[in-house]
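These are the residues of each chain, in order.
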Amino acid sequence: MNHRSSGRSLRALLAGALTLGLVAPIAAAAVAVTDEETGATPVSTAETDLAAYVFPYFAGERSADDEKIYLAVSESDEPTAWQTLNAGEPVLESTLGTEGLRDPFIIRAPEDDTYYLIATDLQIYGGGNFGRAQETGSRSLMVWESTDLVNWSDQREAEIAPENAGNLWAPEAYWDEAHQEFLVFWASALYPDDVAPEDRRIASSYQRMMYATTTDFVEFSEPEVWIDMPRGAGRGMIDSTIVEEDGTYYRFTKDEADMTVRQESSDDLRLTQGVSDGDGWDLIAERIGVGEPNPWGGTFTSGEGPTVFPSLTDDRWYMMIDQPSYHGGQGYLLFESDDLTSGEWTSVPDAELPRSPRHGTVIPITAAEQAALLAAYPPAEEPEDVVPGPAPELGDATWSDDFTAAELDSRWKIHAEDASAWSVGEGNLTLQSRPGDTWQNDNAARNIFLVDVPAGDFSAVTHVTAPVSLDFQGAGLIAWADIDNYVRAGLSHVGLADGGPVVIESALENARVFTSEFTPRRGSQVEWLRIDRVGDELVVSYGDSAGQWAEAARFTVDWDVTQVGLYALAAQNGTSHTAEFSTFWLSTEDGGSDDEPLAVEVEAEARCAGSRGFVAVRVANGEGSPVGAVVETPYGTREKSDLEAGKSTLLTFSVRDAQVPAGAAVVTVTGDGGRSARIDVPFEGVDCS
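Residues numbered from 1 in each chain as written. Predicted model: local features only at pLDDT ≥ 70, side-chain atom pairs only at ≥ 80, totals over all residues. Heavy atoms only, no water.

A. Spatial organisation of the overall build of the chain. Across its full length, the chain holds 4 helices and 45 strands. By principal-axis analysis of the C-alpha atoms, the chain measures approximately 95 × 60 × 45 Å. For the chain, the proportion of its 689 residues judged to be buried stands at 57%. In the chain, of all internal contacts separated by at least 6 residues, the share reaching a separation of at least 24 is 64%. Accessible surface, the chain as shown: approximately 27,100 Å² in total, 44% of it carbon and sulfur. Counting 43 positive and 117 negative side-chain charges, the chain places the centres of these two groups 8 Å from one another. (Helix = DSSP H or I, 4+ residues; strand = E, 2+ residues; numbered from the N terminus. Buried < 20%, exposed > 50% of the residue type's maximum accessible area, 1.4 Å probe, protein only. Contact = heavy atoms within 4.5 Å. Areas by Shrake-Rupley, 256 points an atom, 1.4 Å probe, with all protein chains shown as cover. Lys, Arg positive; Asp, Glu negative; His and termini not counted. Charge placed at Lys NZ, Arg CZ, Asp CG, Glu CD.)

B. Seen up close, the nonpolar core. Within the largest apolar cluster, 40 residues are counted, with the highest numbers of intra-cluster contacts made by Leu429, Phe458, Val564, Phe581 and Phe584. Beyond its immediate chain neighbours, meaning those up to four positions away, phenylalanine 458 contacts Val453, Ala479, Ile531, Asp532, Arg533, Leu538, Val561, Val564, Leu586, Ser587 and Thr588. Counting 24 residues, the second-largest nonpolar core is a separate cluster that includes Val54, Leu85, Leu101 and Leu117. (Core = buried A, V, L, I, M, F, W, Y, C linked by side-chain atoms within 4.5 Å.)

C. Seen up close, the environment of glutamate 639. Relative to the assigned elements, glutamate 639 resides in strand S40 (residues 636-643). With a relative accessible area of 58%, glutamate 639 lands in the exposed category. As for glutamate 639 and tryptophan 559, which are separated by 80 residues in sequence, their C-alpha atoms are 24 Å apart. Once residues lying within four places of it in the same chain are set aside, the contact partners of glutamate 639 are Ala629 and Val630.

D. Representation of the packing of aromatic side chains within the structure. Counted according to the given criterion, the structure contains 25 aromatic pairs. Relative to phenylalanine 449, the ring of tryptophan 422 lies with its centre 5.2 Å away and its plane at 80°, an arrangement referred to as edge-to-face. On the criterion of sequence distance, the pair formed by tryptophan 422 in strand S23 (residues 422-425) and phenylalanine 449 in strand S26 (residues 448-452) is long-range, its members being 27 residues apart. Comparing tryptophan 422 with phenylalanine 449, the two get one shared label, buried. Ring pairs connect the aromatic residues Tyr53, Phe55, Tyr57, Tyr70, Trp82, Phe309, Tyr318 and Tyr332, which therefore count as one cluster. Here the basic side chain of arginine 251 rests over the ring of tryptophan 226, its NZ or CZ set 4.7 Å away from the ring centre. (Phe/Tyr/Trp six-rings, centres within 6.5 Å; stacked < 30°, edge-to-face > 60°. Lys NZ or Arg CZ within 6 Å of the ring centre and 35° of its normal.)

E. Focus on the sheet that holds strand S13 (residues 248-255). Pairing is antiparallel across the open sheet formed by 4 strands, whose spatial order is S12-S13-S14-S15. This sheet does not close on itself; its edge strands, each paired only once, are strand S12 (237-245) and strand S15 (282-285). Strand-to-strand twist in this sheet, taken as the mean axis angle between neighbours without regard to direction, amounts to 30°. Summarising the sheet, strand S14 (residues 260-266) and S15 pair through 3 bridges and their orientation is antiparallel. Its bridge partner lying in S15, glutamine 263 is registered against alanine 285. (Pairing = 2+ DSSP bridges. Axes fitted to C-alpha atoms, helices over the stretch in contact; angles between N-to-C directions.)

F. Region of interest: helix H4 (residues 367-376). Of all the positions in H4, only Glu369, Gln370, Ala372, Leu373 and Ala376 are classed as buried. Viewed along the axis of H4, the buried residues span an arc of 165°, placing them on a single side of the element. (Arc of directions from axis to C-beta.)

G. Quick look at the sheet that holds strand S39 (residues 627-633). Spatially, 4 strands are ordered S40-S39-S43-S44 in an open sheet, and the strand pairing comes out antiparallel. Here the strands that pair on one side only, and so sit at the sheet edges, are S40 and strand S44 (676-683). Strand after strand, the sheet turns through a mean of 15° between neighbouring axes, direction not considered. Note: S39 against S40, 6 bridges, orientation antiparallel. Across the sheet, the residue bridging to valine 630 is glutamate 639, located in S40.

H. Representation of the pairing of S14 in the model. Across the 7 residues that make up S14, a large majority, 7, are buried. Taking every second residue as pointing to the same face, both faces of S14 are buried, with Thr260, Arg262, Glu264 and Ser266 on one and Val261, Gln263 and Ser265 on the other. As defined by bridge partners, S13 adjoins S14 across 7 bridges and the pair is classed as antiparallel. The partner of aspartate 255 across the bridge, within S14, is threonine 260.

I. Geometry of the pairing of strand S5 (residues 115-121). For S5, the buried fraction is high: 7 of the 7 residues fall into the buried class. Here strand S4 (residues 101-108) runs beside S5; their pairing, made up of 6 bridges, is antiparallel. Across the sheet, the residue bridging to arginine 108 is tyrosine 115, located in S5. Note: S5 against strand S6 (residues 140-146), 6 bridges, orientation antiparallel. Bridging from a neighbouring strand, tyrosine 116 pairs with glutamate 145 of S6.

J. The state of the cysteines, seen in detail. Tallying each qualifying case throughout the model produces 1 disulfide. One disulfide bridge connects cysteine 608 with cysteine 688, the sulfur atoms lying 1.9 Å from each other. Taking the torsion about the sulfur-sulfur bond, which here is approximately -90°, the covalent link between cysteine 608 and cysteine 688 counts as left-handed. With cysteine 608 in strand S37 (residues 600-609) and cysteine 688 in the segment after strand S45 (686-687), the pair connects residues that are 80 residues apart, well separated along the chain. (Disulfide = S-S within 2.5 Å.)

K. Expanded view of the confidence of the model for the chain. Averaged over every residue, the pLDDT of the chain is 88; residues scoring 70 or more account for 91%. Overall, residues 1-39 carries pLDDT values under 50, and its contacts beyond four positions in sequence, including any with other chains, amount to 167 contacts. For residues 590-595, every residue scores under 50 in pLDDT, and the model assigns this stretch 4 contacts once sequence neighbours within four places are set aside. (pLDDT = per-residue confidence, 0-100.)

L. Representation of the pattern of salt bridges. Tallied over the full model, the rule gives 36 salt bridges. The partner of glutamate 304 in a salt bridge is lysine 254, and the shortest N-O contact between them spans 2.7 Å. Taken together, the residues span a long stretch of sequence, with glutamate 304 in strand S16 (residues 304-310) and lysine 254 in strand S13 at a distance of 50 residues. The exposure classification of glutamate 304 matches that of lysine 254, with both residues buried. A salt bridge links aspartate 437 to arginine 488, with the shortest nitrogen-to-oxygen separation between them at 3.2 Å. Here aspartate 437 is found in the loop between strand S25 (434-435) and S26, whereas its partner arginine 488 is found in strand S29 (residues 485-493), with 51 residues between them in sequence. (Salt bridge = Lys/Arg side-chain N within 4 Å of Asp/Glu carboxyl O.)

M. Looking closely at unusual backbone geometry. Of note, the phi angle at glutamine 180 is positive, near 55°, even though the residue is not glycine. For glutamine 180, the location among the structural elements is in the loop between strand S8 (169-176) and strand S9 (181-189). When its relative accessible area of 38% is taken as the criterion, glutamine 180 is described as partly exposed. In this structure, phenylalanine 403 is a non-glycine residue whose phi angle is positive, near 55°. Here phenylalanine 403 shows up in the loop between strand S21 (399-401) and strand S22 (413-415). Look at phenylalanine 403 and you get buried, because its relative accessible area is 1%.

Okay, here's the thing in structure tokens:
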């Protein structure tokens, strides 16, 4: 049965290569859904026409759920609009190997319509490293089977890469009609047999494309090298995918020389390249899609994980290429071609793809299979746009800033300042987000505005206006011990989030391990945000439509918060957005000590010594026991660790200029019994010229 006039048979379509990102079920190692529960039955593709597409993928490495398998189905027989299944939750997860799943691929057996789903065994979230994963990574692929795409077998692990391989990445398969078996292919870095695994270095090797054969994804032949093309230190060829038309095979592969996709052809599926003299596929085109517009306001520059599939309505072909953040994008981009032999591909940037898919596969399915998937794994209901409510009630603040002054209050400290990207005055602190993040090892965030907080409980509140439009733009509150230990709460754009992409992202990073929770806020541009410290918990809240505080997340931490403040990030690709903070409110009174306040007096004055200015700060101890004092000014910090009872000390700070503008000194005093106080003392400016 031919579904169109091009000569591409239904069998070729169903048995051909499909690439997808695998993830196991939400609560089990295989999807915990039975035929009785869903009514799903195996569908013979010979009985009905193909009418839609299924798209399995993984979601990245930013959270514990990202390296699992998600599913989406097209809304029609066009791949330009999709529904994310299972309310945006993963459908498959791994309980074997590294317990991470990436680069899933699905194929339908031509004889009995069994689906095989295979995936990379790799976990980067939580401290994984792409370099080490190519040296001493898993040599296995993970396998599931299904007859209806709804009910899946138990997961099994197949170790098929050779012992001298450092990894097995992005496995795919193709039904070899001539040999009546599957050709399974993947990327591996190979090392000399006499180099111990702990001594391997990827810079001394490179990725080859390997292959083995199987009829059942249980027993496999010995692996062989398929493509052997060194492309630089540690770089080779990866992510191959295959389609066939009119007896010619077309292979698409990521070339790590420039991280782009190349297209080749051959009449011999098993023909090697770079392995023996005279071998090699015919090159059709390099740098596929480079320069085409992408959906994020830029152009396609590089990518990986190509998946190629036919149109169900005409003679076009489609290709998706994953352009992740480290290649300047935000996920998959759709391309189309009228002629598979030409190597010419045009982007379709207005296609509405699933939220933030990463290295996945698209395969045609029947209308019955589409309906069964929608019934078993219904999409989430679309939320209504957020309507801003009245301001939540605030108590008495220890200190607040409404940003009405022309100069930033001296209490603020700026982490990694970029002075060109912020301004203050007329009731707003305005930040233009900059490239960088606080996420795990990426500590390149700029302009984090912080104020000190003493030990004990506190509440911090802000009101922010920050329309977000691109993934991982975000702005809000942060409470930290340092950049590797913090809680942050911001109005963010997260495409993979359930109910997203506009959400309140409540995130905890503990010793460079990041996790986050999402509160859907569809259409929101303005938010009240709050972080409370209560004992060893940090509680994130937001202002709801009724003007009440609603809890978004709660985290337990074993470190002390030393500073709280404000941030704006453009973490994905550096595309800036504007965040306007109209207030910052801080209270350290709730849950604080009932002890008597410290009897300490502080005076600050700008003075002249000839034509040079300096600031003098006097601290007088009226306590009956010694106190410690740390004095911070715009001109430095000094400490008096043991100021005796009834005594005073004078600390001076050189300005080295004739002009001393008005400012403030911040004095933190600690006394017996753990009592402490923070005293802010303004001083007037002076002209010593």
